[in-house]
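Geometric and topological summary
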Amino acid sequence: MNFSIVVPIYNEEDSIQELHRALAAALDPVDTDYEIILVDDGSTDGSFSALQTIAANDGRVKIIRLRRNFGQTAAMSAGFDAASGSVIIPMDGDLQNDPADIPRLISKIDEGFDVVSGWRNDRKDTFLTRKIPSMLANLLISRLTGVHLHDYGCTLKAYRREVLDGINLYGEMHRFVPALASQVGAKVTELPVNHRPRLHGVSKYGISRTLRVILDLMTVKFLLTYSTKPIQLFGKWGVYTLLAGLGSGAMTVYMKVFEHFSMNRNPLLILTAFLLFMGIQFIVLGLLGELNARTYYEAQGKPIYVIRDRINLG
Ligand code: UDP
Ligand code: MG
């Protein structure tokens, strides 16, 4: 089995050499048929020349340099697209992930899993701004996606390549790959991995990432549940809202007829108009969504199902 290590690099000049040394030390005993794809995500320090030096001395090291800083997810995507291994293993370039864990991830894949997700069970990051928000986000992601992992944010994971082939990443979505993969039937598991404090350079993220993760989670939840049937979500809310509007309208009429309460002085009239209007909006949104879903799936020739095996079908 050959594998590809994919590492996004953004201003990590002081870690690169050590990273390469540690990767080689961890991987050479397992199998020398691997590649390391280092993606320079528009670094402004000496990262690129450090990468060039490594690539000049080791043919298994491949470098991609993006034109500007596109973000970690995009950098990883670039690496995935270029990877040729049958197992693809992303990890951070700041030495917080430990290359020594990679052989264990690979043996999990050998056991038959499609996705093995690293779990930093002893995470070395600041408590208040990183660990607490991440704990909450993990709980929320687990609850909403139905894929139960302890640590979605760990970059160190292992994927069978077929799993990644059908997945396009946007925004900050690399952490949702296990959830997206399980939607297409992948077998997902997790494995505790080592985590170390950052020794060189600075973290590229702070507390503000929490909001971005929550917003992406909304998108993923929507895609997982309703991407092939948006009217089921919007139509449902549309009908509820219309019914509430009709109820509030009936109440206004009732109060007029039986309690002689003037309709135009009754705030329920405004609520009625508002709810009826919203209900129609929801339904129309659902119909537009249906139209979009057809464009999305048909333009790409994407089926709405995923086949595992075919027998006697040629
Ligand atoms: N990274 C990147 N592009 C970015 C931000 C980060 O390629 O815009 C890389 C970074 O160099 C590192 C990995 O993504 O290899 C994780 O970033 P960081 O260590 O800052 O995140 P943290 O570990 O603090 O969550
Ligand atoms: Mg880090």
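Right above here is the structure, for reference.
Owing to the predicted nature of the structure, the values given are computational and were not obtained by experimental measurement. (Residues numbered from 1 in each chain as written. Chains lettered and ligands numbered in written order. Predicted model: local features only at pLDDT ≥ 70, side-chain atom pairs only at ≥ 80, totals over all residues. Heavy atoms only, no water.)

**A closer look at the layout of surface pockets**
What counts, and what does not: Lining residues are defined by having an atom within 4 Å of a point belonging to a cavity or pocket. Those points lie on a 1 Å grid over the protein atoms alone, cavities being sets where a 1.4 Å probe fits but cannot get out and pockets being open sets with protein on both sides within 12 Å along at least five of seven lines. Grid points are joined across faces, edges and corners, and a volume is the space filled by probe spheres set on the points. Helix and strand assignments come from DSSP, with helices taken as H or I runs of at least 4 residues and strands as E runs of at least 2, each series counted from the N terminus. Note that Gly is not counted as nonpolar here; it falls among the polar residues with everything else outside the nonpolar set of Ala, Val, Leu, Ile, Met, Phe, Trp, Tyr, Cys and Pro and the charged set of Asp, Glu, Lys and Arg.
Approximately 1,000 Å³ is the volume found for the largest pocket. What lines the largest pocket is a set of 30 residues, and nearest its centre among them are Gly166, Leu180, Gln183, Val184 and Val306. Contributions of two or more residues to the lining of the largest pocket are made by α6 (161-165), α7 (177-183), α8 (209-226) and α10 (267-299). Of the residues that constitute the lining of the largest pocket, the class distribution is 17 nonpolar, 8 polar and 5 charged. Taken as a whole, the second largest pocket encloses approximately 450 Å³ of empty space. As for the second largest pocket, its lining consists of 28 residues, of which Gln72, Asp92, Lys204, Tyr205 and Arg209 are closest to the centre. Those elements that provide at least two residues to the lining of the second largest pocket are β1 (3-9) and α8. Looking at the lining of the second largest pocket residue by residue, the class counts come to 4 nonpolar, 10 polar and 14 charged.

**A look at the pattern of salt bridges**
As a reminder of what qualifies: Any Lys or Arg side-chain nitrogen found within 4 Å of a carboxyl oxygen on Asp or Glu counts as a salt bridge. Each residue gets one of three labels from its accessible area relative to the maximum for its type: buried under 20%, exposed over 50%, partly exposed in between, using a 1.4 Å probe on protein chains only.
Counted according to the given criterion, the structure contains 18 salt bridges. Arg60 is the salt-bridge partner of Asp28, the closest N and O atoms lying 3.1 Å from each other. With Asp28 in the loop between α1 (16-27) and β2 (34-40) and Arg60 in the loop between α2 (47-57) and β3 (61-65), this pair connects stretches of sequence that are 32 residues apart. A relative accessible area of 24% places Arg60 in the partly exposed class. A salt bridge links Arg104 to Asp101; its shortest N-O distance comes to 2.6 Å. Overall, the relative accessible area of 36% leaves Arg104 in the partly exposed class. Take Asp101: its relative accessible area is 6%, and that puts it in the buried class.

**Comments concerning the sheet that holds strand β7 (residues 188-192)**
Note the following rule: Paired strands, as defined in this entry, are two strands with at least two bridges between them according to DSSP. The convention used is that axes are lines fitted to C-alpha atoms, helices contributing only their stretch in contact, and that angles between N-to-C directions extend from 0 to 180 degrees. Pairs of residues are marked as contacts when any of their non-hydrogen atoms sit within 4.5 Å.
Across the sheet, which stays open at both edges, the 7 strands sit in the order β3-β2-β1-β4-β6-β5-β7 with mixed pairing between neighbours. For this open sheet the edge positions go to β3 and β7, each flanked by a neighbour on one side alone. Going from strand to strand, the sheet's axes swing by 20° on average, the running direction of each strand aside. Two strands pair when backbone bridges link them, and strand β5 (residues 115-119) and β7 are joined in this way by 5 bridges, in the parallel orientation. Bridging across to β7, Val116 finds its partner in Thr189. In the packing of α1 onto the sheet, contacts are made with β1, β2 and β3, and the angle to β1 comes to roughly 165°. Most of the contacts of α2 go to β3, to which it runs at about 150°, and overall it touches β1, β2 and β3.

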